[in-house]
Amino acid sequence: MRYNERELLSLSRQPAEKAAEIRMSVPKKGSVLKKRLVKLVVNFLFYFRTDEAEPIGALLLEHCRITKEEENVFSISFIEEPERKYCFECASEEQCQEWVEALKRASYEFLRRSLIFYRNEIQKMTGKDPLEQYGISEEARFQLGKHQQEFPHLG
């Protein structure tokens, strides 16, 4: 996927849903855990050297797996390359759990499935499609595919 570097830099400066200094390693041979400022903005996870204003990297949190590895360690891997893991070591188990939950909620797919779930619930309760008033109720992105008839994990 291509990105405009200036737009990404601008996005990295937006207010974060979550941010903290935690230890992180990237999926390179010989990579060690280093203290990084990690910042979640929309569905991007930016990481910075603790003394620099510009990010040294960004992860688009789509088609990825967020896994709790140990009580205070979680990882992010991508569906296309599951063996390549970004590892994060938090100060506590509680902080780790908070990050895992925030990251899982950050993906576009989670938000889309949540919208569809709540749309269906509102429609059952009121008999009206809440998206109809916006003229978007028939758009394909707001429909569940035949292989996706499950509800999102919302907890």
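Residues numbered from 1 in each chain as written. Predicted model: local features only at pLDDT ≥ 70, side-chain atom pairs only at ≥ 80, totals over all residues. Heavy atoms only, no water.

### Some details on the overall build of the protein chain
Move 1: Within the protein chain, the regular secondary structure consists of three helices and seven strands.
Move 2: The helix and strand sequence of the protein chain, counted from the amino end, reads α-β-β-β-β-β-β-β-α-α.
Move 3: Oriented by its inertia axes, the alpha-carbon framework of the protein chain measures out at about 55 × 35 × 30 Å.
Move 4: Within the protein chain, the fraction of its 155 residues that count as buried is 36%.
Move 5: A fraction of 45% describes how many contacts in the protein chain between residues 6 or more apart in sequence connect residues 24 or more apart.
Move 6: A total of about 10400 Å² of accessible surface is found on the protein chain, and carbon and sulfur atoms cover 50% of it.
Move 7: In the protein chain, the 25 positive side-chain charges and the 26 negative ones have mean positions that sit 3 Å from each other. (Helix = DSSP H or I, 4+ residues; strand = E, 2+ residues; numbered from the N terminus. Buried < 20%, exposed > 50% of the residue type's maximum accessible area, 1.4 Å probe, protein only. Contact = heavy atoms within 4.5 Å. Areas by Shrake-Rupley, 256 points an atom, 1.4 Å probe, with all protein chains shown as cover. Lys, Arg positive; Asp, Glu negative; His and termini not counted. Charge placed at Lys NZ, Arg CZ, Asp CG, Glu CD.)

### Let's talk about helix α2 (residues 93-105)
Move 1: For α2, which comprises 13 residues, the first-to-last C-alpha distance of 19 Å matches the rise-based estimate of 18 Å (1.5 Å per residue) to within 8%.
Move 2: Residues of α2 that are buried: Gln95, Cys96, Trp99, Val100, Ala102 and Leu103.
Move 3: Among the structural elements, β1 (18-25), β2 (34-41), β3 (44-49), β5 (64-70) and β6 (73-78) are those in contact with the buried residues of α2. (Expected span 1.5 Å × (residues − 1).)

### Considerations on the packing of aromatic side chains
Move 1: The full count for this structure, using the stated rule, is four aromatic pairs.
Move 2: Note on Phe78 and Tyr86: the rings are 6.4 Å apart at their centroids and 90° apart in plane angle, and the pair reads as edge-to-face. For the pair shown, Phe78 and Tyr86 are each scored as buried.
Move 3: Ring plane angle 75° and centroid distance 5.1 Å describe the contact between Phe117 and Tyr118, whose orientation is recorded as edge-to-face.
Move 4: With relative accessibility at 16%, the residue Phe117 sits in the buried group.
Move 5: Sitting above the plane of the Trp99 ring, Lys18 keeps its charged end 5.3 Å from the centroid. (Phe/Tyr/Trp six-rings, centres within 6.5 Å; stacked < 30°, edge-to-face > 60°. Lys NZ or Arg CZ within 6 Å of the ring centre and 35° of its normal.)

### Let's talk about the nonpolar core
Nonpolar side chains in soluble globular proteins tend to end up buried together.
Move 1: Counting 23 residues, the largest nonpolar core has Leu45, Phe74, Ile76, Phe88, Trp99 and Leu103 as its most contacted members.
Move 2: Elements that contribute at least two residues to this core include exactly β1, β2, β3, β5, β6, β7 (81-89) and α2.
Move 3: With five residues, α2 is the single largest residue contributor to this core.
Move 4: Membership of the second largest hydrophobic core comes to six residues, among which are Leu8, Val41, Phe46 and Leu60. (Core = buried A, V, L, I, M, F, W, Y, C linked by side-chain atoms within 4.5 Å.)

### Thoughts on the sheet that holds strand β4 (residues 57-60)
The strands making up a sheet associate through backbone hydrogen bonding, with each pair oriented either parallel or antiparallel.
Move 1: Sheet architecture is open: seven strands sit in the order β4-β3-β2-β1-β7-β6-β5, paired in antiparallel fashion. Only two strands of the sheet have a single neighbouring strand rather than two, namely β4 and β5. Each adjacent strand pair in this sheet contributes to an overall mean axis angle of 35°, direction not counted.
Move 2: Direction of pairing for β1 relative to β7: antiparallel, over a ladder of three bridges. Opposite Arg23, over in β7, you have Glu89 as the bridge partner.
Move 3: Where helix α1 (residues 5-12) meets the sheet, its contacts fall on β2 and β3, and the angle it forms with β3 comes to roughly 85°.
Move 4: Contacts between α2 and the sheet are confined to β1, β2, β3, β5 and β6, with β1 contributing the most and set at about 105° to the helix. (Pairing = 2+ DSSP bridges. Axes fitted to C-alpha atoms, helices over the stretch in contact; angles between N-to-C directions.)

### Topic: the UniProt feature "domain: PH" (unreviewed entry) in the protein chain
Move 1: Per the UniProt record, the feature "domain: PH" (unreviewed entry) sits at residues 19-108.
Move 2: Between the C-alpha atoms that bound residues 19-108 there is a distance of 19 Å. The span itself is 16% helix and 52% strand. (UniProt positions renumbered as here; feature names shortened; annotations may be inferred.)

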